[in-house]
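Notes for the structure review
Spelled out, the chains give:
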Amino acid sequence: MLSVICYPMGFDHHLLPFSSVCVRCIFRLFGVSEYDDSCPLLKASTLLSLLEEQRNIPNAISENGSIANDLTQCPYDPHASGNEQPYCSVCLGILQFTNGHDQDLRTCESNSVSVLTSAITEILKKEAHQIDGFSIEISLPPVVSANDRAIWLYMKGRYASEEWFIGKLLSQQISVKDALRSLVTTSLESCLGVKSSSSSFRIRLTYIHEEASSKLQCSMQKFHGFKRRKTETNCKERMVDDLCGKNETISGEFHRCDSDAVVHCTLNAMQDDAFSELFMLPPEKTNNGCKLTISCYRLPVYIGGRYLKFSRRVSQSRWMIEDERMGEASVEEIIGNNTILVCGGDSYKFHAAGREDIDVRMLGSGRPFLVEVSNARVMPSMVNIQEIADKINNSNDKYVTVRNLKLVGSEAWNLLREGEAEKQKQYAAVVWISRPLTEVDFNKISSIKNLDILQKTPVRVLHRRSPMDRKKIIHWMMVDKIVGTSQHFLLHLCTQAGTYIKEFVHGDLGRTHPSLGSILGCRAEILQLDVTDVKMDCFD
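Residues numbered from 1 in each chain as written. Predicted model: local features only at pLDDT ≥ 70, side-chain atom pairs only at ≥ 80, totals over all residues. Heavy atoms only, no water.

Re the overall build of the protein chain
When helices and strands are counted, the protein chain shows 14 helices and 19 strands. Considering only contacts in the protein chain between residues 6 or more positions apart, those separated by 24 or more positions represent 75%. Carbon and sulfur atoms make up 49% of the accessible area of the protein chain, which amounts to about 26,600 Å² in all. (Helix = DSSP H or I, 4+ residues; strand = E, 2+ residues; numbered from the N terminus. Contact = heavy atoms within 4.5 Å. Areas by Shrake-Rupley, 256 points an atom, 1.4 Å probe, with all protein chains shown as cover.)

So this is what it looks like as structure tokens:
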């Protein structure tokens, strides 16, 4: 039991502005997370005396000297009637757990970490998340960091020459974010029965305090160069305008985070003397706490494989013209909807290595693809992956089947894109020519190897593709005769990725040269086309 109160020589605790600072902030401001007789800042007994100065808190430190994980009492009661100072002037109520949360911004009835844990647990249940681990993300308004610095400079001004304070740095404090993360992580691990890790499942706590943030921005306007400081984001050209003069709230989390990054950068660059002139030391009292938004989500889940398409009435992606569907279905919807059904995500994106026209079948080994599932409620296992494959392959329509389906990492996206640019593709096409096919034609076509062609953007896609010239290679061709006709034949060919096969056959009014028609010296038309192989080292 702690029985001796030890003050550092020259320390006058009556001068500390702790009447408006919560218990947890008092401890972290002195860099104390657990009691240790060799604590480099202050003995835990000294900190305890500061707490007792404000309110008798006998259980603030446990018998073994560690800080209580669930400090439900503060130097003041934020819910007591007639209290003029309900929120900590440093953390703005964050470490008191008195923040409004959820969509209706309800107010917690206790300042226990268990209240926040319960709120998170309810969201997990409501949204049916299945997790085997979690990672916590915390977003705090920059004013909290400014408050930390303000109270530190206040203490430095009073105790800079004292032995117990000499050599102490602001960086030795435990930040609000680290203190919050430690408290919430421990509580959640116990409640959920899983460990915090580098999991793809994220629990995000976003705190905002519009009033304090507005005052901070007004103060910072006085700092030279802040009005038109360039942001350090990808949008480097965008400038930060006069934030204080705006009445409207910056909408959207991206814009808020973008603005916060600029504020943090400016605060870090500010010297202590400039900071002291702009900000109140110690931080002024506040009657409003931060508001909290809790969101739970999983990073995108990627499922890859190869698909085969057997219908000439199924497009690769959903195709609508003036609210009318073109074709009977799409590969994207067939695969994506079945994936969402099993994984329980919010949405999906379909990515494929190239594409075929709606009237072109995809045969052979299939075309590589990825389905990117947003916020999957279930992290798919091998059993789940097989369930997705079975749902697609056993469909009554038999439009599409998949093979080699597997859970992959985000690096598969780069593999898909790199392979798409380098791959070769093989085709089989039913071709009609305006005269009978001769033996000379047969030999001429079969002898062509690595033929260089130049293709202008086809007329049929000019409405959605920029006009340009494309150099492509026809690696080889061969012909199979069709019994009973001399003007029809089956053309097999292997080409470089991105070659327009239909235009290579008929020439596209001379926009592709040479073409099969120009090589044979007659009119040529393609009647049917199938992709028979996509040569890529991806999901084989």
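Some remarks on the pattern of salt bridges
Applying the stated criterion to the full structure yields 23 salt bridges. Across the pair R318 and E333 runs a salt bridge, and its minimum N-O distance is 3.2 Å. Of this pair, R318 sits in the loop between β7 (314–315) and β8 (320–321) while E333 sits in helix α9 (residues 331–343), placing them 15 residues apart in sequence. Given a relative accessible area of 47%, R318 falls into the partly exposed group. Residue E333 is classed as buried on the basis of its relative accessible area of 16%. One salt bridge connects D469 with K456, and the closest N-O pair in it is separated by 3.3 Å. Residue D469 is found in strand β16 (residues 469–481), and its partner K456 is found in strand β15 (residues 449–456); the two are separated by 13 residues along the sequence. When its relative accessible area of 37% is taken as the criterion, K456 is described as partly exposed. (Salt bridge = Lys/Arg side-chain N within 4 Å of Asp/Glu carboxyl O. Buried < 20%, exposed > 50% of the residue type's maximum accessible area, 1.4 Å probe, protein only.)

Section: the side chain of T185
For T185, the position within the fold is in helix α5 (residues 176–192). The exposure class of T185 is buried, given its relative accessible area of 14%. Setting aside residues up to four positions removed in sequence, T185 forms contacts with F134, I136 and S196.

A look at a nonpolar patch on the surface
Where nonpolar side chains cluster on the molecular surface, the patch consists of V459, L462 and L509 and spans about 310 Å² of accessible area. With respect to the helices and strands, L509 occurs in the loop between α13 (501–506) and β18 (512–513). (Patch = residues over 30% accessible without salt bridge, like charges linked within 9 Å, V, L, I, M, F, W, Y side chains within 5 Å.)

What to know about α9
Here α9 contains 13 residues, and its C-alpha end-to-end distance of 18 Å stays within 8% of the 18 Å for a straight helix at 1.5 Å per residue. A large share of α9 lies buried, amounting to 11 of its 13 residues. Buried within α9 we find V331, E332, E333, I334, I335, G336, N338, T339, I340, V342 and C343. Just past α9, the residue G344 takes up positive phi, approximately 70°. (Expected span 1.5 Å × (residues − 1).)

Description of the nonpolar core
By size, the foremost hydrophobic cluster in this structure holds 63 residues, and its most contacted members are Y307, I335, F369, L491 and L516. Listed in part, the 53 residues of the second largest apolar core include L116, I136, Y207 and C296. (Core = buried A, V, L, I, M, F, W, Y, C linked by side-chain atoms within 4.5 Å.)

Digging into the packing of α9 against helix α10 (residues 382–393)
Packing of α9 against α10 leaves a shortest axis separation of 9 Å and a crossing angle of 140°. As judged from the angle between their axes, α9 and α10 are oblique. Viewed along their axes, α9 and α10 form a crossing whose handedness is right-handed. Note on element contacts: α10 touches α9 through N384, E387, I388, K391 and I392, opposite I334, I335, N338, T339, L341, V342 and C343. By residue class, the composition of the contact of α9 with α10 is seven nonpolar, three polar and two charged. (Axes fitted to C-alpha atoms, helices over the stretch in contact; angles between N-to-C directions. Parallel < 35°, antiparallel > 145°, perpendicular 65-115°, else oblique. Left-handed = near helix turned anticlockwise from the far one by under 90°. Nonpolar A, V, L, I, M, F, W, Y, C, P; charged D, E, K, R; others polar.)

Concerning the packing of aromatic side chains
Counted under the stated rule, the structure contains four aromatic pairs. Ring centres of F275 and F279 lie 4.3 Å apart, and the angle between their planes is 25°; on these two criteria the pair is classed as stacked. With respect to burial, F275 and F279 carry one shared label: buried. Considering the side-chain rings of F350 and F369, the 5.7 Å spacing of their centres and the 20° angle between planes classify their relative orientation as stacked. Here F350, found in strand β11 (residues 347–352), pairs with F369, found in strand β12 (residues 360–374); they are 19 residues apart in sequence, far enough to count as distant. Here F369 falls in the buried class, since its relative accessible area comes to 0%. A connected cluster of aromatic rings, assembled from ring pairs, spans Y307, F350 and F369. (Phe/Tyr/Trp six-rings, centres within 6.5 Å; stacked < 30°, edge-to-face > 60°.)

So, the packing of helix α4 (residues 142–159) against helix α6 (residues 210–221)
To characterise two packed helices, one gives the angle between the axes of the helices and the distance between these axes. Viewed as axis vectors pointing N to C, α4 and α6 meet at an angle of 65°, and their least axial separation amounts to 9 Å. Between α4 and α6, the angle is such that the two are roughly perpendicular. Here α4 and α6 pass one another in a crossing that is left-handed. Residues P142, V143 and A146 of α4 form the contact with α6, whose own contacting residues are A212, S213 and L216. Each residue belonging to the contact of α4 with α6 can be placed in one class, and the counts come to five nonpolar, one polar and no charged.

Quick look at the environment of G289
Mapped onto the elements, G289 comes out in the loop between α8 (272–278) and β5 (291–298). Residues G289 and L92, spaced 197 residues apart in sequence, show a C-alpha to C-alpha distance of 5.0 Å. In this structure G289 touches Y87, L92 and H209, once residues within four positions along its chain are discounted.

Quick look at unusual backbone geometry
In the segment running from L281 into P282, the intervening peptide bond is cis, with an omega of -5°. In this structure, P282 sits in the loop between α8 and β5. Non-glycine residue D323 carries a positive phi angle of around 65°. In this structure, D323 sits in the loop between β8 and β9 (324–325). Classification of D323 as exposed rests on a relative accessible area of 76%.

Focus on the confidence of the model for the protein chain
Mean pLDDT over the protein chain: 80, with 76% of residues reaching 70 or higher. In this model residues 1–15 is a low-confidence stretch, pLDDT under 50, and it forms 32 contacts with partners more than four residues away in sequence or in other chains. Note on residues 35–46: pLDDT under 50 across the span, and 27 contacts to partners over four residues away in sequence or across chains. (pLDDT = per-residue confidence, 0-100.)

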